[in-house]
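Listed below, chain by chain, are the residues.
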Amino acid sequence: MGHHAHRKLASLASSLHATRLLAISLGSTRVIVSSHPETAKEILCGSAFSDRPIKESTHLLMFDRAIGFAPSGEYWRHIRKIASYHMFSPRRISSLEGLRQSIVDNMIGEVWMEMNERGFVELRGILQKGSLNNMLESVFGSSDFGLNNRGYELGLMVKEGYELIGEFNWADYFPLGFLDFYGVKRRCNKLATRVNGLDQLSDADMVAVLWEMVFRGIDNVAILLEWIMARMVVHQDIQKKVQHEIDMFTGPNIQIHDSDIANLPYLQAIVKEVLRLHPPGPLLSWARLSTHDVFLDKCFIPAGTTAMVNMWAIAHDPSIWLDPWAFRPERFIEEDFSVLGSDLRLAPFGSGRRVCPGKAMGLATVHLWAARLLKQFKWVPSQPVDLGECLKFSLEMKKPLVCYAVTR
Ligand code: HEM
């Protein structure tokens, strides 16, 4: 399937007139793919598909004890409840605003420095570092962790984990224990040993959950912000319009706060439009697994079937979205639309019982950082922006965004 699996599955489903439900086999694994909001809703919100398939890399990287991959029983309910209370509650999210502000202050300083030293900015590294520090400090509550070598080491480990989990591993589909195509198994074992070696983490379940938070939280936020800024560089008129909105609301020397975001509808519309065109999880990344037999769209689906929702295909479907390839945030001004999972025409955080628990935290970070970066600088192309994409664990820009940032 390679780095464009979402596109290949979308065109296969469309050419076979199977957008509602496409059935394929990967080795001995039965897979169904929905590219339609109605069947997507049945998969995500019904009771049948509440487990996740465990890939070999997932198991080796200790994610089978983490929220995202634990089977949907008592243990999963328990750790999800604990995380919702301690990490994702509105109170906890707003208590972390100071941290988000100080990290974006640093990021702005780094943008200045890069402009001075190199004459252009490559935002990816700055966003990834900011996002890493944000997650480490939110999870561990310690700035030393984020800023010393250990934070750097953990950043490298997350990167390696992403690559391994995104790697197509033949062993997941052709279970022959002695084979290790591409050395994925060997690399996973090595990485797991390094994760266990972090002495801040001791109890096995907590290792899994905290490691997952760090792992999950960092890349999606950084990737989404890079897409947003790339779109702002490409669409100068839209950038001007959102900067006008921000200026009108906050005035020249006034800091933007979380509480201001509700009054910036155009900024929110831009974030939604980027989530529609470049969803970080185009196949909702984490497939679902049926725990019992079920009828879906009048088809019999046996227990143990893997189900994927091709959110990218739904979000680009011309029968659902007017002019789907156009970048037009206004569509979300014209129609009040929630992207949090209630409307399956665009549910970039998934939906149902296993919907992303980090969505409010992720959006709070993305909105604040985008607003601050746009208020501070005018973002101008230094070369044509390549909007090519590459699906690893998340859907990244194939080439890092390089541009000029001019102080406003
Ligand atoms: C822009 C940011 C983000 C996007 C687009 C995103 C997207 C997703 C998606 C599509 C799923 C699968 C949902 C489903 O199967 O219905 C998911 C699950 C999950 N996400 Fe996020 N996510 C984001 C940020 C975060 C953050 C910041 C965290 C944690 C700090 C997080 C933690 C998780 C966890 C733990 C799960 C597994 C939930 C379960 O299986 O019960 N995510 N996310």
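Residues numbered from 1 in each chain as written. Predicted model: local features only at pLDDT ≥ 70, side-chain atom pairs only at ≥ 80, totals over all residues.

An unreviewed UniProt entry lists the protein chain under the name Cytochrome P450, from Penstemon davidsonii. As its UniProt record puts it under Cofactor (unreviewed entry), the protein chain is described as follows: "heme". Comment text from UniProt for the protein chain, heading Subcellular location (unreviewed entry), reads "Membrane". (UniProt positions renumbered as here; feature names shortened; annotations may be inferred.)

Here the focus is the nonpolar core. Ranked by size, the top nonpolar core spans 85 residues in total, and within it Leu225, Ile228, Met229, Ala370 and Ala371 carry the most contacts. With 15 residues, helix H12 (residues 204–234) is the largest single contributor of residues to this core. When neighbours within four sequence positions are excluded, alanine 371 is seen to be in contact with Ile246, Ile256, Ile261, Leu264 and Leu267. Of all hydrophobic cores here, the second largest spans five residues; its members include Ala66, Ile67, Phe69 and Ala70. (Core = buried A, V, L, I, M, F, W, Y, C linked by C-beta atoms within 7 Å. Buried ≥ 20, exposed ≤ 12 C-beta atoms within 10 Å, placed from the backbone. Helix = DSSP H or I, 4+ residues; strand = E, 2+ residues; numbered from the N terminus. Contact = placed C-beta atoms within 7 Å.)

Turning our attention to the sheet that holds strand E3 (residues 121–122). Paired through backbone hydrogen bonds, the strands of a sheet run either parallel or antiparallel to each other. Spatial strand order, E3-E11-E8: three strands in an open sheet with antiparallel pairing. Taken across any chain shown, the strands that pair with only one partner, and hence form the sheet edges, are E3 and strand E8 (377–381). Where E3 meets strand E11 (residues 402–407), two bridges bridge the pair, whose relative direction is antiparallel. The residue bridging glutamate 122 from the neighbouring strand is valine 402, located in E11. (Pairing = 2+ DSSP bridges.)

This part takes up the sheet that holds strand E2 (residues 29–34). Spatial ordering of the open sheet is given by E1-E2-E7-E4, a layout of four strands whose pairing is mixed. The open sheet has two free edges, formed respectively by strand E1 (22–26) and strand E4 (288–289), since each of these has just one partner strand. Across the face of the sheet, helix H2 (residues 37–45) comes into contact with E2, E4 and strand E7 (306–309) while running at roughly 130° to E7. (Axes fitted to C-alpha atoms, helices over the stretch in contact; angles between N-to-C directions.)

The next point concerns helix H1 (residues 5–15). Along H1, the residues classified as buried are His6, Leu9, Ala10 and Ala13. With its buried residues spanning 105° around the axis, H1 presents them on a single face. Facing away from the buried side of H1 by more than 90 degrees, the exposed set consists of Lys8, Ser11 and Ser15. (Arc of directions from axis to C-beta.)

Turning to the site of the ligand, a few remarks are in order. Among the 28 residues in the neighbourhood of the ligand, the closest are listed as Gly217, Gly350, Cys356, Gly358 and Gly362. Those elements that provide at least two residues to the shell around the ligand are H12 and helix H17 (359–376). The greatest single-element share of the shell around the ligand, amounting to seven residues, is contributed by H12. (Near = placed C-beta within 6 Å.)

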